[in-house]
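Listed below, chain by chain, are the residues.
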Amino acid sequence: MTATWGSTFFLIKDLLDRVPTLDFLAVRFAIAGAVMLLVAPRAVLRLSAASRRRAVVLGGVYGVAQILQTAGLAHTAASVSGFITGMYVVLTPVLAALLLRTRTTPLTWAAVALATGGLAVLTLDGVAIGYGEAITLVSAVLYALHIVGLGAWSNAREALGISIVQLLVIAVICLVATAPDGIVLPPTPADWLSVVYMALVAGALALIGQTWAQAHLPPTRTAIIMSMEPVFAAFFAVLLGGESVTLRMVSGGLMVLAAMLVVEALPRRKVEGEVQHLVV
């Protein structure tokens, strides 16, 4: 899932030259939600009332995070936005401790610090605290909350239905945000192909994968694995986007990869007991 997300960065960078960001998000998630609902409507019908309610909350959190991250990007450099957004790696164990009463081991905190340092090396050219940085940090908090919520509420049996509801809620939020100015659609068949790939593969299937996987993984482990996203983004930018390999890219990527390997080497802990601590 993280590799799939990373593969979209250079596609999005090209597409946003012709389609405004919120319009792109609205079209992307509308396609993802509509297609998955048509393919598997019974998955939504089989959800319990509590699961539907939780999926709406999770979709709302993720949708608002997308809006805030986009708004923050208009007021800060992309590298700074990427680093601050990646701070969900640090925020996830903090929120998990507060909401789920989980205990984070010293070795896990070391992996969190290593991943954060790797993100800084990989993305950061300098930072000044302002309006853009502040709302981007809020989006990072919401992304972390989404990871924690999925860790607490998702289960493998309902992963598909929960994902579809989340996609529909995200689409509605993005459509409402962009509707006052009208929606700009992708202008070329190639642009539509990119949007469909990002809607179905990096959108619908990736979210289903995340929802299913988080039924088996604690939130902090998930967040550290997800910190590989900018590493994959750099990899695909070099492989398919024509960018050059830099020392910073290699150093930061290796630090994040090392953090993921450290946390994957830790003994696995059951997460079933976490569910009872976070209820809506």
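Residues numbered from 1 in each chain as written. Predicted model: local features only at pLDDT ≥ 70, side-chain atom pairs only at ≥ 80, totals over all residues. Heavy atoms only, no water.

A. Molecular detail of unusual backbone geometry. Positive phi values are uncommon outside glycine, yet Arg101 reaches one of about 60 degrees. Here Arg101 is to be found in the loop between α7 (88-100) and α8 (106-123). (Helix = DSSP H or I, 4+ residues; strand = E, 2+ residues; numbered from the N terminus.)

B. Spotlight on the environment of Leu217. Take Leu217: it is sitting in the loop between α11 (189-213) and α12 (219-226). In this structure Leu217 comes out as buried when scored by relative accessible area, which is 15%. Each C-alpha atom, one on Leu217 and one on Ala152, is 9.8 Å from the other, the two residues being 65 residues apart in sequence. (Buried < 20%, exposed > 50% of the residue type's maximum accessible area, 1.4 Å probe, protein only.)

C. Main features of the layout of surface pockets. Looking at the largest pocket, its volume works out to about 1,500 Å³. Forming the boundary of the largest pocket are 47 residues, of which Phe9, Gln69, Gly82, Glu229 and Ala233 lie nearest the centre. Class assignment of the residues belonging to the lining of the largest pocket gives a composition of 27 nonpolar, 15 polar and 5 charged. (1 Å grid on protein atoms, 1.4 Å probe; cavity = no way out; pocket = protein on both sides within 12 Å on 5 of 7 lines; lining within 4 Å. Points joined across faces, edges and corners; volume = space filled by probe spheres on them. Nonpolar A, V, L, I, M, F, W, Y, C, P; charged D, E, K, R; others polar.)

D. Quick peek at a nonpolar patch on the surface. On the surface, Leu175, Ile183, Leu185, Trp192 and Val196 cluster together into a nonpolar patch covering about 380 Å² of accessible area. Among the structural elements, Ile183 can be located in the loop between α10 (159-178) and α11. (Patch = residues over 30% accessible without salt bridge, like charges linked within 9 Å, V, L, I, M, F, W, Y side chains within 5 Å. Areas by Shrake-Rupley, 256 points an atom, 1.4 Å probe, with all protein chains shown as cover. Salt bridge = Lys/Arg side-chain N within 4 Å of Asp/Glu carboxyl O.)

E. Representation of the packing of aromatic side chains in the model. Summed over the entire model, instances satisfying the criterion amount to 2 aromatic pairs. Ring geometry for Tyr62 and Tyr143: centres 5.5 Å apart, planes at 70 degrees, overall edge-to-face. Of this pair, Tyr62 sits in helix α5 (residues 49-73) while Tyr143 sits in helix α9 (residues 131-153), placing them 81 residues apart in sequence. (Phe/Tyr/Trp six-rings, centres within 6.5 Å; stacked < 30°, edge-to-face > 60°.)

F. Broad picture of the pattern of salt bridges. With the rule as written, the count across this model stands at 2 salt bridges. Here Arg18 ties to Asp14 by a salt bridge, and the two come within 2.8 Å at their closest N and O atoms. Taking the shortest distance from any N to any O, the salt bridge between Arg18 and Asp191 comes out at 2.8 Å. Pair noted here: Arg18 is in the loop between α2 (9-15) and α3 (21-39) and Asp191 is in helix α11, with a separation of 173 residues, a long-range link. Assessed through its relative accessible area of 5%, Asp191 is described here as buried.

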